[in-house]
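# Overview (structure and organization)
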Amino acid sequence: MSQLMNPPSSSRIKVRPATEREGRKDYISIRDYGFWYGQKKALDAISLDIPERQVVAFIGPSGCGKSTLLRNLNRMNDLVDDVRHEGEITINGRSIYDPGLEVISLRRRVGMVFQKSNPFPKSIFENVVYALRVVGVRDRAVLEEACETSLRKSALWDEVKDRLDDSALGLSGGQMQRLCIARAIANRPEILLMDEPCSALDPIATGKIEELIHELKDQFTIVIVTHSMQQAARVSDRTAFFYLGKQIEYDTTEKIFMNPSQAQTEAYISGRFG
Amino acid sequence: MATSSDSNTPRGEAWVWFSGLGLIVGLGMVIGLLSLVVLNGITVFWAPPVPVANVDDGRTIIGQLAQRRVRAGSPASEPRFELQYQVGLRELNGNSYLWVDEAKIKSESFPADVLGLERVENGPAFVRPQSLRKSDGKLILVADPAFEVAFQAEVNSAAIIREKLIEITRRRIGDVNGEMDKARVALRRAEDLKLAGEIAALRRQITGLEERFASLQAEAKTVVDRGAIASLVSCDASGREVVVPLIQVIRAWFPNRLDTWGRVKLFVSRLGEFIFDEPREANTEGGLMPAIFGTLVMTVFMSLMVTPFGVITAIYLREYAQQGPVLRIVRISVNNLAGVPSIVFGVFGLGFFVYVLGGSIDQLFFADQLKYNNNTPVFGTGGLLWCSLTLALMTLPVVIVATEEALAAVPRGMREASLATGASKWQTIREILLPASAPGILTGVILAMARGAGEVAPLMLVGVVKLAPTLPLDGTAPFLHMDRKFMHLGFHVYDLGFQSPDSDAARPMVFATTLLLIVLVVCLNIGAIWIRNRLRARFKGASF
Ligand SMILES: Nc1ncnc2c1ncn2[C@@H]1O[C@H](COP(=O)(O)OP(=O)(O)OP(=O)(O)O)[C@@H](O)[C@H]1O
Ligand SMILES: [Mg+2]
């Protein structure tokens, strides 16, 4: 949390103007969403719309529920015992809890990159094409093509193109994280969820991943959780600030960082509390 | 840390020493046991010099020293010892071992002409040769310089004839007998169903087999006659004449003449026989090939059966079953299965596998066999299949527990990553969880194998026998005979040690067999550990 202890002033944060692209404004729509782990309410009355092909950043102090919300978008929290939710989340107009929608096909459309890189104990190649193998793609040419495209997009191709058959566990931490990104985008999901993807990376690898996010947003809608204000400011079009499971403010990144309407938001991004 | 400044000893040091002591005691016991077995097991095959001893009471003994022990009742301050000699020649002496008071031995010498013989029947013999009746009828006296060469040549050619005889009597006549049994059963069936054409054909076949049987017997006789077997005339310790037909001699050596290299060669040859040959003389001599093979095949089949069952059960328990009190009870029961005495599994195997399962298989598929072969069961009696199944059941908890642990140890991130790419639960298990937990699962299989390979009690009930006429794997279809009874090293140890008519003769073999069993289990384990390490290497990253 070094950013929080040694805070940049909000004025020094460079903000990119939000890019306007065509697409649904409420591509992902969260309405009055609440979520419980057993008796503990982790999310309360969240309502926000995520536009298509934009980058949205979730910020907030530790334990405020950013990961919880993110993991609800592809229903990863279904794996936790004894959880409950209220309210509604729709993607492109369709509820993710629709009984007719299989959770597997939801997850195929909503890719996820985790905070801790988690490559499979397989070769680099097999890691990248895992999502394709899972849907039964056998054609070697298709797999190789997908592998190269994904690795190029995640800026890893040049480093690993000669050792695709080596174990993925032999990569460095940053390479592993980019591999996980390549794996998440190999089957061309519509949405990419990233939970603190750079928390274990050095500035160079972080820079590469941020560049990657810029390139990817032409095709994907990206939701990223981050503890770095600068990162949120650099990569996102819109930012949501959470505090103790509540959504405090959600607006364009420019607005949040230049002229937040809530005092709590201002205090947080200027590092006065965390 | 320390509350008193005068002490550098951290608290708890005493416990460190205590646990170290425990380790040393444990290691000491294991090493002691192993060295006892190894020493006694290896020396069985070594041929030491053989003394000729003159005893106070006028007896003379030729024999290999077997044991030396304190005489019962002798004072502890000045113990008196007694010696056990293996004198052989059971047909003359009644017993091949002899105890003598050490103090009563007047003199001991190692004459070069003492000859040791291993024989097909009646155990070994230690004699002093007089003359050799060669197969061409000529007599060579021991004093003749050509004696030793001629003797070795005759022993070798007699061995070839013996091999031929074994080939004819055991293998070929055995095959004919087997076919004959089958044909007779088929004939009974044909007669019962009144299939005239078949009856005639089978009758012809049986006549043909009978002719083949007779001709084989005649062939065996001509082999013996043509060989005009040589014989050795010698005298035993007390001067009695002993005539040994050389066809009976498996190995002959001059124990007091051999140099070290000769002894090593003899050692290797005996060891080879022990490992690769079949047993003789109520299992107290010869080799253990059938038992080694039986143990190996049984252990491998047990592993092949227990692994899929155990892994599938563990996957269900950990990944699919609803966690709750019922599952807890199931888990406790599974763990308790590991503590059930193995003989109970034997009883269960006999009652369920052999009688119920095997009986039903016989009713369904071998009804003809039962009906026309005096109700002789095929699967409804102990056999390799039931032994493997019984032991698989016994070792199941080990594999289940190990697999559950291994599945639980797979990092959560890996599981989530797979599910997040849209893999189903089963795909995640197959592609990620199972490969990642394979080393842990193999550890369970190794433990199961180690336990199963050494188990004897349940096997006695479900298919292990003292002497199996055939191996479970051979050249006749279907090659692998899961219904056959087989021999097992563990049972062999028990049988030699406690069921043998001549316990002195069996003693060295008990050690040798125990050693062999240990070596076999260690080899199986090393094999499995090697596979596991290769798997581990695949899943271990070089960097972090
Ligand atoms: N599996 C779980 N079971 C019970 N409670 C949980 C679980 N996961 C998270 N929580 C609780 O939910 C709350 C929100 O957690 P969450 O992981 O979403 O926080 P976060 O905003 O991602 O924090 P961080 O920035 O530290 O990652 C926390 O109070 C946490 O203790
Ligand atoms: Mg988090």
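Residues numbered from 1 in each chain as written. Chains lettered and ligands numbered in written order. Predicted model: local features only at pLDDT ≥ 70, side-chain atom pairs only at ≥ 80, totals over all residues. Heavy atoms only, no water.

### Topic: the overall build of chain A
Scanning chain A from N- to C-terminus turns up 12 helices and 10 strands. Here the C-alpha radius of gyration of chain A, 18 Å, is about what a compact globule of 274 residues would show, namely 19 Å. With the C-alpha coordinates of chain A rotated into their principal frame, the extents come out at 55 × 45 × 35 Å. A total of 274 residues make up chain A; the buried ones form 56% of that total. Charge-centre separation for chain A: the mean point of 37 positive side chains lies 2 Å from the mean point of 37 negative side chains. (Helix = DSSP H or I, 4+ residues; strand = E, 2+ residues; numbered from the N terminus. Rg over C-alpha atoms; globule rule 2.2 N^0.38 Å. Buried < 20%, exposed > 50% of the residue type's maximum accessible area, 1.4 Å probe, protein only. Lys, Arg positive; Asp, Glu negative; His and termini not counted. Charge placed at Lys NZ, Arg CZ, Asp CG, Glu CD.)

### With respect to the confidence of the model for chain B
Averaged over all residues, the pLDDT of chain B is 86; the fraction at 70 or higher stands at 97%. Listed scores for the predicted complex are pTM 0.80 and ipTM 0.87. (pLDDT = per-residue confidence, 0-100.)

### Details of the site of ligand 1
Residue and element names in this part refer to chain A. Around ligand 1, the surrounding shell holds 13 residues, and the nearest of these are S62, G63, K66, S67 and T68. Contacts to ligand 1 include S62, whose side-chain N or O atom sits 2.5 Å from an oxygen atom. In isolation ligand 1 offers 620 Å² of accessible surface; the protein chains occlude 66% of this area. When contributions to the shell around ligand 1 are tallied by element, the ones reaching two or more residues are β2 (40–50) and α2 (66–73). Top element by residues in the shell around ligand 1 is α2. It accounts for three residues. When grouped by side-chain class, the residues that make up the shell around ligand 1 number four nonpolar, six polar and three charged. (Near = heavy atom within 4 Å. Polar contact = N/O pair within 3.5 Å; in protein donor to acceptor, adjacent residues only side chain to side chain. Areas by Shrake-Rupley, 256 points an atom, 1.4 Å probe, with all protein chains shown as cover. Nonpolar A, V, L, I, M, F, W, Y, C, P; charged D, E, K, R; others polar.)

### Observations concerning the pattern of salt bridges
For the structure shown, the criterion picks out 44 salt bridges over all chains. Among the ionic pairs, R109 of chain A bridges to E190 of chain A, the shortest N-O distance being 3.3 Å. Of the two residues, R109 of chain A sits in helix α3 (residues 103–109) while E190 of chain A sits in the loop between α8 (173–185) and β7 (191–195), which places them 81 residues apart along the sequence. The exposure class assigned to E190 of chain A is partly exposed, which follows from its relative accessible area of 30%. R172 of chain B is the salt-bridge partner of E219 of chain B, the closest N and O atoms lying 3.2 Å from each other. (Salt bridge = Lys/Arg side-chain N within 4 Å of Asp/Glu carboxyl O.)

### What about a nonpolar patch on the surface?
All names here are of chain B. A cluster of nonpolar side chains, contributed by I343, V344, V347, M460, L461, Y494 and F498, occupies part of the molecular surface with about 610 Å² of accessible area. At the level of elements, α8 (342–365), α13 (457–462) and α14 (489–499) are the ones that each hand at least two residues to the nonpolar patch. If one sorts the elements of the nonpolar patch by residue count, α8 sits on top with three residues. You can see V347 is positioned in helix α8. (Patch = residues over 30% accessible without salt bridge, like charges linked within 9 Å, V, L, I, M, F, W, Y side chains within 5 Å.)

### Quick notes on the sheet that holds strand β4 (residues 81–86) of chain B
Residues and elements named next belong to chain B. Pairing within the open sheet is antiparallel, and its three strands lie in the order β3-β4-β5. On the outer flanks of this sheet lie β3 (64–70) and β5 (97–101), each paired with one strand and no other. With direction set aside, neighbouring strand axes in the sheet form an average angle of 25°. Bridge count for β4 against β5 is five bridges, and the pairing is antiparallel. Residue pairing in the sheet places Y85 in a bridge with L98 of β5. (Pairing = 2+ DSSP bridges. Axes fitted to C-alpha atoms, helices over the stretch in contact; angles between N-to-C directions.)

### Considerations on the interface of chain A and chain B
Each side of the interface is counted separately: chain A has 27 residues, and chain B has 24 residues. Between chain A and chain B the total buried area reaches about 1,900 Å² when both faces are included, carbon and sulfur atoms providing 60% of it. Counting the surface chain A buries against chain B, the share from its top three residues, P121, Y130 and L169 of chain A, is 27%. Taken together, the connections running from chain A to chain B amount to two salt bridges. Between E416 of chain B and R71 of chain A there is a salt bridge, with its nearest N and O atoms 3.0 Å apart. Here chain A is connected to chain B by six residue pairs in polar contact (both at pLDDT 80 or more). Sorting the residues of the side of chain A that touches chain B by element identifies α3, β6 (110–113), α5 (130–134) and α8 of chain A as the ones contributing at least two each. When the residues that make up the side of chain A that touches chain B are grouped by side-chain class, the tally is 15 nonpolar, seven polar and five charged. (Contact = heavy atoms within 4.5 Å. Buried area = accessible area lost by both parts, 1.4 Å probe.)

### Comments concerning the confidence of the model for chain A
All names here are of chain A. Mean pLDDT over chain A stands at 86; residues scoring 70 or higher make up 91%. Across chain A, element-level confidence peaks in strand β3 (residues 55–59) with a mean pLDDT of 94 and bottoms out in helix α1 (residues 2–5) with 39. Low pLDDT (under 50) marks residues 1–11, which in the prediction has 17 contacts with non-local residues, meaning those over four places away or in another chain.

### Concerning the sheet that holds strand β1 (residues 52–55) of chain B
All names here are of chain B. Ordered by their spatial adjacency, three strands build an open sheet running β2-β1-β6, and the pairing between neighbours is antiparallel. Lying at the two open borders of the sheet, with one neighbouring strand each, are β2 (60–62) and β6 (105–109). Neighbouring strand axes in the sheet, compared pairwise and without regard to direction, differ in orientation by 20° on average. As defined by bridge partners, β1 adjoins β2 across three bridges and the pair is classed as antiparallel. When the sheet's bridge partners are listed, V52 is paired in β2 with I62.

### Notes on unusual backbone geometry
What is expected of a backbone is that most residues other than glycine have negative phi and most peptide bonds are trans. Residue and element names in this part refer to chain A. Here A45, not a glycine, exhibits a phi torsion of approximately 50°, which is positive. In this structure, R53 is a non-glycine residue whose phi angle is positive, near 50°. Of the residues examined, R53 reaches a relative accessible area of 26% and is grouped as partly exposed.

### Side note on the packing of helix α10 (residues 384–409) of chain B against helix α12 (residues 425–453) of chain B
Residues and elements named next belong to chain B. Interaxial distance between α10 and α12 falls to 8 Å at its minimum, and their mutual angle equals 150°. Classified by the angle their axes make, α10 and α12 are roughly antiparallel. Viewed along their axes, α10 and α12 form a crossing whose handedness is right-handed. Judged by residue contacts, L391, M394, T395, V398, V399, A402, T403, A406 and L407 of α10 engage L433, S437, G440, I441, G444, V445, L447, A448, R451 and G452 from α12. Looking at side-chain class alone, the contact of α10 with α12 contains 12 nonpolar, six polar and one charged residues. (Parallel < 35°, antiparallel > 145°, perpendicular 65-115°, else oblique. Left-handed = near helix turned anticlockwise from the far one by under 90°.)

### Let's talk about the pairing of strand β10 (residues 246–252) of chain A
Residue and element names in this part refer to chain A. Pairing of strand β9 (residues 238–243) with β10, which is carried by six bridges, proceeds in the antiparallel orientation. Looking at the pairing, F241 lines up with E249 of β10. In textbook terms, the turn of a hairpin is the stretch between consecutive antiparallel strands, and for β9 and β10 this stretch comprises two residues, one of which, L244, has a positive phi near 50°.

### With respect to the nonpolar core
Counting residues in hydrophobic clusters, the biggest one holds 92 residues, and the most contacted among them are I28, I30, Y33 and F58 of chain A. Sort the elements by how many residues they give to this core and α10 of chain B lands first, with 12 residues. With residues near it in sequence (within four places) discarded, I30 of chain A still touches I46, S47, L48, D49, L69, L73, E88 and I89 of chain A. (Core = buried A, V, L, I, M, F, W, Y, C linked by side-chain atoms within 4.5 Å.)

### Here's the deal with the environment of S167 of chain A
Residues and elements named next belong to chain A. Position of S167 among the secondary structure elements: in the loop between α7 (157–160) and α8. The partly exposed category is assigned to S167, whose relative accessible area is 26%. Of note is the side chain of S167, whose polar atom sits 3.0 Å from the backbone nitrogen of L169.

### Remarks on the side chain of N187 of chain A
Residue placement: N187 of chain A occurs in the loop between α8 and β7. Engagement of the side chain of N187 of chain A in a polar contact is seen with the backbone oxygen of R108 of chain A, the distance being 3.4 Å. Excluding anything up to four places from it in sequence, N187 of chain A contacts R108, A131 and L132 of chain A together with T421 of chain B.

### Considerations on the packing of aromatic side chains
All names here are of chain B. Under the definition given, this model contains 18 aromatic pairs over all chains. Plain terms: the ring middles of F353 and W386 are 6.1 Å apart, the flat faces sit at 5° to each other, and that makes the pair stacked. Of this pair, F353 sits in helix α8 while W386 sits in helix α10; the two residues are 33 residues apart in sequence, bridging distant segments of the chain. Considered together, F353 and W386 belong to a single accessibility category, that of buried residues. One aromatic cluster is present, formed by F348, F352, F353, F366, F379 and W386 through successive ring pairs. Here the guanidinium or amino end of R68 rests over the ring plane of F81, the centre of that ring lying 3.8 Å away. The ring of F254 has R257 sitting right over it, with the charged end atom 4.0 Å from the ring centre. (Phe/Tyr/Trp six-rings, centres within 6.5 Å; stacked < 30°, edge-to-face > 60°. Lys NZ or Arg CZ within 6 Å of the ring centre and 35° of its normal.)

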